[in-house]
Amino acid sequence: MNTKQPKITIPDSKEDKIIVYLTFAFLLLHFVLVSYYWEQLPEKMPIHFDANGQPDGWGGKNTLWLLPGISLLMVLFLNFLRSISHLYNYPHKITPENAEISYKKGKWGVSFLNLGMAILFFFMTWKSIQIGLGNSDSLGWGFTMLLVLVVLIPIVLLLKPPK
């Protein structure tokens, strides 16, 4: 945590607000998804997956609520982190001249990470439900692609130096 960086408030842009709304929409849909399929779900559901996306751990269907619950906590925490972009560690020196653009990029990166994680958790829950219902047998290649994008996009946004 760098407390010597200039502290300025960065208001949300229109794009920031859209990303935040989409994140909370996926979070809400996450709870709706589990509720919608609840009565159809078998008592035994996949709760863990190996590196190939195959289920290798099983639990009661109540454990399915863990993913939306963890997603809720994560979304709230990352949304809070968006508000303290002046405390991030940046890969370049923050000066009064580059603080605004650096903080915007940092905030944007955390916003994308938040949205990506909400989508990733939603996808894992949806695939767990599909596996439990016998409609699928693994997380599939889509999960791997989504995971790579969720990790790479914020890193690229944060590492690119300001102009």
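This is a predicted model, so every value here is computed, not measured. (Residues numbered from 1 in each chain as written. Predicted model: local features only at pLDDT ≥ 70, side-chain atom pairs only at ≥ 80, totals over all residues. Heavy atoms only, no water.)

1. Thoughts on the packing of helix H2 (residues 66–82) against helix H3 (residues 99–132)
- Between H2 and H3, the shortest axis-to-axis distance is 9 Å and the interhelical angle comes to 175°. With respect to H3, the axis of H2 lies roughly antiparallel. In this structure, H2 uses Leu67, Pro68, Ile70, Ser71, Met74, Val75, Leu78, Asn79, Leu81 and Arg82 to contact H3, whose residues at the interface are Lys107, Val110, Ser111, Leu113, Asn114, Met117, Ala118, Phe121, Met124 and Thr125. (Axes fitted to C-alpha atoms, helices over the stretch in contact; angles between N-to-C directions. Helix = DSSP H or I, 4+ residues; strand = E, 2+ residues; numbered from the N terminus. Parallel < 35°, antiparallel > 145°, perpendicular 65-115°, else oblique. Contact = heavy atoms within 4.5 Å.)

2. Overview of the packing of aromatic side chains
- Considering all chains together, one arrives at eight aromatic pairs under this definition.
- Here Phe26 and Phe122 contribute two aromatic rings whose centre-to-centre distance is 5.7 Å and whose plane-to-plane angle is 75°, an arrangement assigned as edge-to-face. A residue pair is termed long-range when its members are at least 10 positions apart, and Phe26 in helix H1 (residues 14–37) and Phe122 in helix H3 qualify at 96 residues.
- Judged by relative accessible area, which is 23%, Phe26 ranks as partly exposed.
- An angle of 45° between the planes, with centres 6.0 Å apart, marks the rings of Phe123 and Trp126 as tilted. Here Trp126 and Phe123 lie together in helix H3, a separation of three residues that amounts to about one turn.
- One aromatic cluster is present, built from ring pairs that chain together Phe31, Trp38 and Trp65.
- Lying across the ring of Trp58, Lys44 places its NZ or CZ 5.3 Å from the centre.
- In this structure, Lys61 packs its charged tip against the face of Trp38, placed 4.6 Å from the ring centre. (Phe/Tyr/Trp six-rings, centres within 6.5 Å; stacked < 30°, edge-to-face > 60°. Buried < 20%, exposed > 50% of the residue type's maximum accessible area, 1.4 Å probe, protein only. Lys NZ or Arg CZ within 6 Å of the ring centre and 35° of its normal.)

3. Details of the pattern of salt bridges
- The full count for this structure, using the stated rule, is four salt bridges.
- Here Asp12 ties to Lys107 by a salt bridge, and the two come within 2.7 Å at their closest N and O atoms. Of this pair, Asp12 sits in the segment before H1 while Lys107 sits in helix H3, placing them 95 residues apart in sequence.
- Given a relative accessible area of 6%, Lys107 falls into the buried group.
- Residue Lys104 is joined to Glu100 by a salt bridge in which the shortest nitrogen-to-oxygen separation is 3.2 Å. Of this pair, Lys104 and Glu100 are both found in helix H3, four residues apart, which corresponds to roughly one turn of the helix.
- Overall, Glu100 belongs to the partly exposed group, its relative accessible area being 43%.
- Bridged by salt links that share partners, the residues Asp12, Arg82 and Lys107 form one connected network. (Salt bridge = Lys/Arg side-chain N within 4 Å of Asp/Glu carboxyl O.)

4. Some remarks on the pairing of strand E1 (residues 44–49)
- Inspection of the sheet shows E1 paired to strand E2 (residues 55–60) by five bridges, in the antiparallel sense. Pairing of Phe49 across the sheet is with Pro55, part of E2. (Pairing = 2+ DSSP bridges.)

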